[in-house]
Amino acid sequence: MKVAFVGKGGSGKTTLSSLFVRHLAAQGLPVVAVDADINQHLGVALGLDEERAAKIPAMGERLTEIKEYLRGDNPRIASATSMVKTTPAGRGSRLLSLGGDDPIHALGQDIGVGGGGDDAAYGVTLMATGPFNDDDLGVACYHSKTGAVELYLNHLADGPGEYVVVDMTAGADTFASGLFTRFDLMFLVAEPTRKGVGVYKQYTEYARDYDVAIAVVGNKVQSDEDVAYLREHVGDDLLTWLGQSSAVRALEQGREGVGLEADNELALGRMREAVDARTKDWGKFQRQAVDFHVKNARSWANRAVGEDLETQVDPEFRFPGLLV
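About the cut-offs
- Residues numbered from 1 in each chain as written.
- Predicted model: local features only at pLDDT ≥ 70, side-chain atom pairs only at ≥ 80, totals over all residues.
- Heavy atoms only, no water.
- Phe/Tyr/Trp six-rings, centres within 6.5 Å; stacked < 30°, edge-to-face > 60°.
- Helix = DSSP H or I, 4+ residues; strand = E, 2+ residues; numbered from the N terminus.
- Lys NZ or Arg CZ within 6 Å of the ring centre and 35° of its normal.
- Polar contact = N/O pair within 3.5 Å; in protein donor to acceptor, adjacent residues only side chain to side chain.
- Contact = heavy atoms within 4.5 Å.
- Core = buried A, V, L, I, M, F, W, Y, C linked by side-chain atoms within 4.5 Å.
- Buried < 20%, exposed > 50% of the residue type's maximum accessible area, 1.4 Å probe, protein only.
- Expected span 1.5 Å × (residues − 1).
- Pairing = 2+ DSSP bridges.
- Arc of directions from axis to C-beta.
- Salt bridge = Lys/Arg side-chain N within 4 Å of Asp/Glu carboxyl O.

### Regarding the packing of aromatic side chains
Tallied over the full model, the rule gives 10 aromatic pairs. For the pair F5 and F20, a centre-to-centre distance of 5.9 Å together with 55° between the ring planes defines the contact as tilted. Pair noted here: F5 is in strand 1 (residues 2-7) and F20 is in helix 1 (residues 13-25), with a separation of 15 residues, a long-range link. The structure contains a cluster of three or more aromatic residues connected by ring pairs, namely W282, F285, F317 and F319. One cation-aromatic arrangement involves R94 over Y69; the distance from NZ or CZ to the ring centre is 4.6 Å. Sitting over the ring of F285, R182 keeps its end group 3.9 Å from the ring centre.

### What about the side chain of Q312?
As for its position among the elements, Q312 is in the segment after helix 10 (282-305). A distance of 3.1 Å separates the side chain of Q312 from the side chain of H293, its partner in a polar contact. Setting aside residues no more than four positions away along its own chain, Q312 makes contact with R76, I77, S82, M83, T87 and H293.

### Section: the nonpolar core
Counting 46 residues, the largest nonpolar core has Y152, V164 and M186 as the members making the most contacts within it. Those residues within four positions of M186 in sequence are excluded, and the remaining contacts are A4, V6, T174, F180, Y203, V212, A213, I214 and A215. Core analysis: the second largest hydrophobic core is formed by 37 residues, L16, A128, V165 and L268 among them.

### Considering unusual backbone geometry
Phi at D211 is positive, roughly 50°, even though this residue is not glycine. Structurally, D211 can be placed in the loop between helix 6 (194-207) and strand 7 (214-221). Of note in this structure, K220 is not a glycine but carries a positive phi near 60°. Overall, the relative accessible area of 31% leaves K220 in the partly exposed class.

### Section: the side chain of D167
Note on placement: D167 falls in strand 5 (residues 163-168). In this structure the side chain of D167 is engaged in a polar contact, spanning 2.6 Å, whose partner is the side chain of T14. Leave out the neighbours within four places in its chain, and D167 touches F5, K13, T14, S17, V34, D35, A36, D37 and L42.

### Considerations on helix 1
Every α-helix winds through 3.6 residues per turn, so residues three or four apart in the chain are directed the same way. If you check helix 1, its first and last C-alpha atoms are 18 Å apart, about what 13 residues at 1.5 Å a residue would give, namely 18 Å. Burial analysis of helix 1 places 12 of its 13 residues in the buried class, which makes it a mostly covered element. Looking at helix 1, one finds that the buried residues are K13, T14, L16, S17, S18, L19, F20, V21, R22, H23, L24 and A25.

### Some details on the environment of Y206
In this structure, Y206 sits in helix 6. According to the relative accessible area criterion, Y206 is partly exposed, its value standing at 40%.

### Points about the pairing of strand 5
Where burial is concerned, most of strand 5 is hidden: six out of the six residues are buried. Taking every second residue as pointing to the same face, both faces of strand 5 are buried, with Y163, V165 and D167 on one and V164, V166 and M168 on the other. Taken together, the four bridges between strand 1 and strand 5 define a ladder with parallel strand orientation. Residue K2 lies in a different strand from strand 5, and its bridge partner there is V164. As defined by bridge partners, strand 2 (residues 31-36) adjoins strand 5 across six bridges and the pair is classed as parallel. Paired with D35 across the strands is D167, a residue of strand 5.

### Some details on the pairing of strand 2
The element strand 2 is largely enclosed, with a buried count of six among its six residues. Every second residue of strand 2 is oriented toward a common face, with V31, A33 and D35 on one face and V32, V34 and A36 on the other, all of them buried.

### Quick word on helix 6
In this model helix 6 runs 20 Å from its N-terminal to its C-terminal C-alpha over 14 residues, within 8% of the 20 Å that 1.5 Å per residue would give. Looking at helix 6, one finds that the buried residues are G196, V197, V199, Y200, Y203 and A207. Buried positions in helix 6, seen along its axis, are confined to an arc of 145° and lie on one side of it. Exposed residues pointing more than 90 degrees away from the buried face of helix 6 are listed as R194 and K195. Those residues of helix 6 that are buried lie in contact with strand 1, strand 6 (185-190), strand 7 and helix 7 (224-234).

### Remarks on the pattern of salt bridges
Throughout the structure, instances matching the rule amount to 16 salt bridges. Residue R71 is joined to E68 by a salt bridge in which the shortest nitrogen-to-oxygen separation is 2.9 Å. Of this pair, R71 and E68 are both found in helix 4 (residues 63-71), three residues apart, which corresponds to roughly one turn of the helix. You can call R71 buried: its relative accessible area is 16%. The partly exposed category is assigned to E68, whose relative accessible area is 37%. Between R208 and E205 there is a salt bridge, with the nearest N and O atoms lying 3.1 Å from each other. Linked by salt bridges that have partners in common, K2, D158, D184 and K280 make up one network.

In structure tokens:
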């Protein structure tokens, strides 16, 4: 299942992403965590030191390699240079399996994350888009990085009990392409404040016509009044909430092994249940990929590449062995 964490800056989405990854990994479930935030902090939140986190190969700097691998023998894609971030899979494309033996997952780093109140460590594959570098400043937008994630998700044939957790960049930048349709569920992390619920209203307005599932997770909740405030403004979209946590503070200080509070652990369990309750609709997944590819082709990509990229769409393609 493909899961995104979104929200305004400072809402705690990176913290909640890391907690959810830890929660899944502690149950022995296969997890790929992707840091797609312009501020690359997910690795540190998962327990890496800054130096090791910075050494994870950047997907955004290996776009050509990623495209070359994914296009495979697809006759509709002449070269890697004719692929853009929205290019959908077709017959001959290479599909990915979670944590598979391929050069894209090889960019990730297998790490052990603490299991809470004991010394156990559970395996997670951590991948990263990479931060801006000197060559990007002033001439590029962050979509040049997240495009690698969109291509990855477009070609990933994940199955039940497998999880990709993506920590997205803050704000509504997710909606700048079809990336927001690539997820089975988006967790919108919202503080019980006007700004927090304001982002929720923005997201639901953008997603309204695209059948995108959004669940609100309250964060930094201190009282029943906070919960009531969230319910007043987001209604039934409020799935659960997490309160102030000494365990989270310990993790932020680099101290592992402090068990998460029972109420917060239950909240993570409700989040997993919500993800597992989602039904895969591969037909819709591919239709939306095609729709946004055509839209991007007509808007800018045909001019940028110098080709009619609509011809990349393979109307006969189906994800093999999966329901459509």
